[in-house]
Amino acid sequence: MNITAAQAKLFYVVSFLLILNSNAQSLGGYDLWLGYSKIEDPVRHSEYQKLTKSIFFSSQSPILDTARKELWRGIDGLLGQPPKMHDSLSLINTMWVSKKMNLGKDMVNALKADFERIGNEGFIIKSLTVRGKRILLITANEDQGILYGVFKLLQLMKTHKSLEGINVVDVPKIQLRMLNHWDNLDRTVERGYAGFSLWNWQKLPEYKDPRYEDYARVNASIGINATVLTNVNANALVLTSAYLEKVAALAEIFRPYGIKVYLTARFSAPMEIGGLNTSDPLDKDVINWWNDKVEQIYKDIPDFGGFLVKANSEGQPGPQNYGRSHVVGANMLANALRPFKGIVIWRAFVYSEKDATDRAKQAFKEFVPYDGKFQDNVLVQVKNGPIDFQPREPFHPMFGAMPNTPLVMEFQITQEYLGFSSHLVFLPKLFEEVLDAETYKKGKNATVAKVIDGSLFNNKISAMAGVANIGTDLNWTGHPFAQANWYGYGRLAWNPYLSSETIAEEWLRLTYTNDSAFVEPIKDLMIVSREAVVNYMTPLGLHHLMDTGHHYGPGPWVSDLSRPEWNPTYYHKGDKEGIGFDRTPSGSDATSQYAPEIAKIFNTPETCPPEYLLWFHHLRWDYKLKNGLILWDAIALKYQEGVNQVEEMIGIWEQIKSLITDDQYDEVKMLLEIQLKEAKWWRNACLLYFQTFSGRELPPGVEHPDEKLEFYQSLKFPYAPGN
Ligand code: GCW
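The structure presented is a predicted model; accordingly, all values stated were derived computationally and were not measured. (Residues numbered from 1 in each chain as written. Predicted model: local features only at pLDDT ≥ 70, side-chain atom pairs only at ≥ 80, totals over all residues. Heavy atoms only, no water.)

J.: Please clarify how unusual backbone geometry should be interpreted in this entry.
T.: Note: most residues except glycine have negative phi, and most peptide bonds are trans. The step from Leu204 to Pro205 runs through a cis peptide bond, and the omega angle for that step is 0°. For Pro205, the location among the structural elements is in the loop between strand E7 (176-180) and helix H7 (210-221). Notably, His160 is not glycine yet its phi reads approximately 60°, a positive angle. Positionally, His160 belongs in the loop between helix H6 (143-158) and strand E6 (167-170). By relative accessible area, which is 24% here, His160 ends up partly exposed. Even without a glycine there, the phi angle at Lys573 is positive, about 50°. (Helix = DSSP H or I, 4+ residues; strand = E, 2+ residues; numbered from the N terminus. Buried < 20%, exposed > 50% of the residue type's maximum accessible area, 1.4 Å probe, protein only.)

This is the structure in structure tokens:
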């Protein structure tokens with residue numbers, strides 16, 4: 001090495017160290033689970049080095065280019081030196097990355113069964129012997145499969161998995177794996193707790209923030225292939241030419257990552273931006289307007305995905321404004337999109353202030369009779385539970401009740417009712433509980449996951465949607481552990497049968513370290529976190545006790561809102577006698593919307609799982625639970641248990657201090673302290689309030705509140721985010 005080269009190397013090393021240093025201080029978390037730092041384990045390092053010494057990778061498309069770039073970047077980082085990549089195949093290649101069409105006949109024949117399984121998006125990673133030489137093969141039918149295969153390989157390497165004899169055949173079980181952004185055109189994010197919207201509409205289309213590509217890359221790494229850019233409380237302006245140009249710019253950036261763009265369609269757009277005097281879906285001019293609009297969109301965005309629509313829900317306009325049904329409205333849009341293979345996703349989140357029956361029953365009542373009446377490019381999107389993204393709800397009874405309509409699962413990744421981005425709550429535990437729930441439609445073993453992936457009723461199209469928790473915060477999600485919810489959502493959209501433990505472990509290894517002294521205890525912390533939030537907010541089936549509007553903190557006493565079902569008192573129905581919502585046949589009869597096998601279990605308090613007890617029953621304060629406690633004591637002890645669980649989480653976190661950087665440690669520690677303070681706030685406020693009905697003392701083991709009820713009731717949060 002001559003002097004200049006040595007100097008250059010020194011300069012490189014020094015600047016690299018400087019970057020590392022500044023990363024730790026100011027860019028902590030930006031890389032999410034995709035940081036590629038050098039693998040220290042010498043055994044794995046040398047194994048991977050041998051396998052990736054010479055890579056054949058012929059790329060002839062934008063998506064393959066993306067895959068190739070990622071592979072290069074990953075190996076360069078993980079092994080500390082860039083790989084040699086070749087466009088043409090030779091026997092020196094130790095690794096082949098190639099689509100099926102570029103493989104030899106013999107190999108295609110040998111892998112025939114696998115190729116038949118993996119469809120357009122699946123992939124194969126295999127260790128093979130070709131003419132006496134070991135090679136590592138990544139192959140797929142289509143480009144997108146190669147991209148996912150590359151990400152998978154890099155994840156395996158990052159988590160130090162041996163690639164000797166590897167044989168992975170993986171295919172997504174759900175076709176559309178979507179994010180729903182509730183992002184407004186002014187860049188505020190409804191229920192967003194991680195800064196502002198990523199989409200800088202003001203500077204688009206010319207200014208393409210590099211973060212857009214980072215966003216696409218991260219999503220592709222977990223298999224997300226669709227994104228709805230705008231809020232379901234929609235603004236018609238996004239459908240004007242000026243905005244569509246901007247949408248097209250984003251679509252172009254996302255395309256090489258296999259991600260399609262969707263928009264929310266405001267039903268009154270023909271009037272608001274089209275100059276018509278009606279938006280009646282049966283009006284000829286309205287139909288023509290949408291047809292022209294869709295044609296215009298596809299001119300700019302040839303692979304545009306379609307529309308997501310919130311109609312006649314919480315004041316949004318819809319077909320019912322003209323006396324037409326959801327079916328008529330959805331099918332009108334579906335007709336406009338069909339020639340371009342676009343789809344309509346119509347939300348079932350409806351409840352009317354004019355319907356005095358139980359809100360939990362309304363979506364089912366309104367939508368189930370429409371089963372089979374929607375066009376085949378319409379999907380109906382249903383929230384996981386019948387009320388609204390509570391810490392715990394039973395699964396929505398619509399799942400399983402509409403065999404002839406593809407239903408989209410809507411999960412909320414952003415923590416509207418779960419402590420915003422201040423509380424550590426690992427949501428895959430919640431998602432898993434819903435997906436694993438038994439519907440008893442078509443007999444046993446008919447889980448919600450099977451409804452969603454289309455396997456139970458043989459639906460031709462399947463989808464899952466997650467309301468994004470992403471914003472302009474440096475680490476994207478506010479709480480570092482909220483990244484795990486984004487990651488975990490993507491993994492479950494790919495495979496709704498994965499366990500939350502598996503997901504937690506993957507994420508921890510990819511994000512923090514492979515050291516099991518860290519991974520094992522923190523995995524336990526994550527798993528317990530979901531039950532903790534249920535316990536300190538809404539134990540034993542209580543729900544919607546959050547303070548009004550912003551949903552931050554407890555407000556179980558709120559009873560003065562214009563719509564009855566916006567009041568927490570509507571949900572807990574606490575009185576001198578007892579507490580809980582009677583949804584059995586003697587009450588609202590919501591249980592009859594479930595299969596008889598389940599209704600039977602829910603209908604009697606003795607058989608109802610304790611976690612849903614007060615969801616389905618109004619019980620006396622001295623009702624005796626199976627565990628021997630009277631209801632009042634059980635509620636109080638659950639609130640205390642939630643607080644104790646957060647204390648345990650802090651204890652676990654303190655134990656791993658030496659295993660991560662100070663910045664990483666401190667950030668989560670501070671947030672956990674907030675969580676503890678707020679868990680106590682929840683316990684105190686709710687117990688003091690419910691005590692005004694029960695008139696009973698707190699049982700031993702429950703800490704006494706340090707303030708009076710009036711104090712908690714006087715707290716106001718005019719600037720709580722996301723509202
Ligand atoms: O939970 C409610 C939220 C609203 C949201 C609505 C919905 C986008 O509080 O902010 O609106 O659900 O899902 O449409």
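Anyway, onward from the coordinates.
J.: Help me understand the sheet that holds strand E9 (residues 260-264), please; the structure alone is not making it clear to me.
T.: Sheet strands pair via backbone hydrogen bonds, and the direction of the pair is either parallel or antiparallel. Taken together, the eight strands give a closed barrel; going around it, the order is E7-E8-E9-E10-E11-E12-E13-E14, and neighbouring strands pair in parallel fashion. Strand after strand, the sheet turns through a mean of 25° between neighbouring axes, direction not considered. For E9 and strand E10 (residues 306-309), the ladder comprises three bridges, and the chain directions are parallel. Residue pairing in the sheet places Tyr262 in a bridge with Gly306 of E10. (Pairing = 2+ DSSP bridges. Axes fitted to C-alpha atoms, helices over the stretch in contact; angles between N-to-C directions.)

J.: How do you make sense of the site of the ligand when you look at a structure like this?
T.: Taken together, 15 residues lie around the ligand, and Glu190, Lys310, Arg347, Asp388 and Glu416 are the ones closest in. For the ligand, an oxygen atom lies 2.9 Å from a polar atom in the side chain of Arg191. Across the complex, the protein chains shield 97% of the 340 Å² of accessible surface that the ligand would expose by itself. Looking at side-chain class alone, the shell around the ligand contains four nonpolar, three polar and eight charged residues. (Near = heavy atom within 4 Å. Polar contact = N/O pair within 3.5 Å; in protein donor to acceptor, adjacent residues only side chain to side chain. Areas by Shrake-Rupley, 256 points an atom, 1.4 Å probe, with all protein chains shown as cover. Nonpolar A, V, L, I, M, F, W, Y, C, P; charged D, E, K, R; others polar.)

J.: Any chance you could explain the nonpolar core here in plain terms?
T.: Ranked by size, the top nonpolar core spans 237 residues in total, and within it Leu71, Phe254, Phe307, Trp653 and Phe690 carry the most contacts. Top element by residues in this core is helix H22 (residues 662-694). It accounts for 14 residues. Not counting the four nearest positions on each side in its chain, Phe254 is found in contact with Trp199, Tyr212, Tyr215, Ala216, Thr227, Leu229, Ile259 and Val261. In terms of nonpolar packing, the next biggest core, distinct from the first, is built from 14 residues, Met107, Ile124, Ile135 and Val169 among them. (Core = buried A, V, L, I, M, F, W, Y, C linked by side-chain atoms within 4.5 Å. Contact = heavy atoms within 4.5 Å.)

J.: Teacher, can you tell me more about the side chain of Asn384 here?
T.: Along the polypeptide, Asn384 turns up in the loop between strand E12 (378-383) and strand E13 (407-412). For Asn384, a relative accessible area of 3% corresponds to the buried category. Once residues lying within four places of it in the same chain are set aside, the contact partners of Asn384 are Phe389, Pro394, Phe395, His396, Phe399, Met409, Glu410, Phe411, Leu430 and Val434.

J.: Hey, could you run me through the pattern of salt bridges in this one?
T.: Close approach of charged atoms allows side chains of opposite charge to pair. A full pass over the atoms with the stated rule returns 34 salt bridges. Where Arg530 meets Glu433, a salt bridge forms, and the shortest distance between an N and an O atom there is 2.9 Å. Remark: Glu433 occurs in helix H13 (residues 428-435) and Arg530 occurs in helix H17 (residues 516-537); sequence separation between them is 97 residues. Connected via shared salt-bridge partners are Arg392, Glu433, Arg530 and Glu531. (Salt bridge = Lys/Arg side-chain N within 4 Å of Asp/Glu carboxyl O.)

J.: Looking at this model, I keep getting lost on the pairing of strand E4 (residues 123-130). Mind explaining?
T.: For a regular strand, side chains alternate in direction, first toward one face of the sheet and then toward the other. Across the eight residues that make up E4, a large majority, seven, are buried. Strand direction decides the pairing type here: E4 and E6, joined by four bridges, are antiparallel. Paired with Ile124 across the strands is Val169, a residue of E6. Strand direction decides the pairing type here: E4 and strand E5 (residues 133-140), joined by seven bridges, are antiparallel. Among the inter-strand pairings, Ser127 is bridged to a residue of E5, identified as Leu136. The antiparallel hairpin formed by E4 and E5 contains two residues in its connecting segment, where Arg131 sits at a positive phi of about 45°.

J.: Even after reading the chapter, I still don't get empty space enclosed by the protein, so can you show me in this structure?
T.: A probe as big as a water molecule, rolled over the atoms, marks out the empty space that is left. If you walk through the whole model with that rule in mind, you get seven cavities of 30 Å³ or more. Lining of the largest cavity is provided by 13 residues; of these, Tyr148, Lys152, Gln155, Ser221 and Arg491 occupy positions nearest its centre. Counting only elements with at least two residues in the lining of the largest cavity, the list comes to H6, H7 and helix H15 (482-494). With four residues, the top contributor of residues to the lining of the largest cavity is H6. (1 Å grid on protein atoms, 1.4 Å probe; cavity = no way out; pocket = protein on both sides within 12 Å on 5 of 7 lines; lining within 4 Å. Points joined across faces, edges and corners; volume = space filled by probe spheres on them.)

J.: Before we go on, may I ask you to explain the sheet that holds strand E3 (residues 95-99) in this structure?
T.: The six strands lie next to each other as E2-E1-E3-E5-E4-E6, forming an open sheet whose pairing is mixed. The outermost strands of the open sheet, each flanked by one partner alone, are strand E2 (84-86) and E6. Across this sheet, the average inter-strand angle for adjacent strands is 25°, counted without regard to direction. Here three bridges tie strand E1 (residues 54-57) to E3, and the two strands are oriented parallel to one another. Looking at the pairing, Ile55 lines up with Met95 of E3. Together, E1, E2 and E3 form the strand contacts of helix H3 (residues 62-79), whose direction differs from that of E1 by roughly 170°.

J.: Would you mind showing me how to read the domain arrangement of the protein chain here?
T.: If you check the domain split of the protein chain, you get domain 1 (29-170), domain 2 (176-498) and domain 3 (535-581 + 618-714). Each of domain 1 and domain 2 has a C-alpha centre, and the two are 33 Å apart. With both chains or domains summed, domain 1 and domain 2 bury close to 1900 Å², and 55% of this area falls on carbon and sulfur atoms. Area buried by domain 1 at its contact with domain 2 is led by Tyr30, Leu32 and Trp33, which between them contribute 36% of it. One salt bridge connects Arg217 with Glu70, and the closest N-O pair in it is separated by 2.7 Å. For the interface between domain 1 and domain 2, the tally reads 13 residue pairs in polar contact (both at pLDDT 80 or more). At the level of elements, H3 and H6 are the ones that each hand at least two residues to the side of domain 1 that touches domain 2. Here the residues of the side of domain 1 that touches domain 2 sort into eleven nonpolar, four polar and six charged. (Domains from an automatic or database assignment. Buried area = accessible area lost by both parts, 1.4 Å probe.)

J.: Looking at this structure, how should I read the packing of H13 against helix H16 (residues 500-511)?
T.: The packing of two helices is summarised by the inter-axis angle and the distance between the axes. The N-to-C vectors of H13 and H16 enclose an angle of 155°; their axes lie 9 Å apart at closest approach. Taken together, H13 and H16 sit at an angle that is classed as roughly antiparallel. Regarding H13 and H16, the two cross each other, and that crossing is right-handed. Along the contact surface, H13 presents Pro428, Lys429 and Glu432, while H16 presents Ser500, Glu501 and Ile503. (Parallel < 35°, antiparallel > 145°, perpendicular 65-115°, else oblique. Left-handed = near helix turned anticlockwise from the far one by under 90°.)

J.: Could you clarify how one ought to interpret the layout of surface pockets in this entry?
T.: A volume near 710 Å³ is recorded for the second largest pocket. Every residue lining the second largest pocket is counted, 29 residues in all, and those nearest its centre are Glu121, Gln144, Leu176, Asn225 and Lys260. Those elements giving two or more residues to the lining of the second largest pocket turn out to be H3 and E9. Looking at the lining of the second largest pocket, its residues break down into 16 nonpolar, seven polar and six charged.

J.: Explain a negative patch on the surface to me, please; I cannot follow it from the model alone.
T.: Negative charge collects at one region of the surface, where Asp662, Asp663, Asp666 and Glu667 lie side by side. With respect to the element layout, Asp666 can be found in helix H22. (Patch = residues over 30% accessible without salt bridge, like charges linked within 9 Å, V, L, I, M, F, W, Y side chains within 5 Å. Lys, Arg positive; Asp, Glu negative; His and termini not counted. Charge placed at Lys NZ, Arg CZ, Asp CG, Glu CD.)

J.: When you look at H13 in this model, what are you seeing that I'm missing?
T.: Three- or four-residue spacings in an α-helix give side chains the same orientation, since the helix completes a turn every 3.6 residues. For H13, the buried fraction is high: six of the eight residues fall into the buried class. Of all the residues in H13, the buried ones are Pro428, Leu430, Phe431, Glu432, Val434 and Leu435. Buried residues along H13 sit against E13, helix H14 (448-452), strand E14 (463-467), H15, H16 and H17.

J.: Sorry if this is basic, but what is going on with the packing of aromatic side chains here?
T.: Centre-to-centre distance and the angle between the planes together describe a pair of aromatic rings. Taken as a whole, this structure holds 45 aromatic pairs when the rule is applied. A centroid spacing of 5.4 Å and a plane angle of 35° characterise the contact between Phe420 and Tyr552, whose relative ring orientation is tilted. Of the two residues, Phe420 sits in the loop between E13 and H13 while Tyr552 sits in the loop between H17 and helix H18 (568-572), which places them 132 residues apart along the sequence. Tyr552 carries the same exposure label as Phe420, and that label is buried. Note on Tyr512 and Phe518: the rings are 5.1 Å apart at their centroids and 40° apart in plane angle, and the pair reads as tilted. Overall, the relative accessible area of 17% leaves Tyr512 in the buried class. Judged by its relative accessible area of 0%, Phe518 is buried. (Phe/Tyr/Trp six-rings, centres within 6.5 Å; stacked < 30°, edge-to-face > 60°.)

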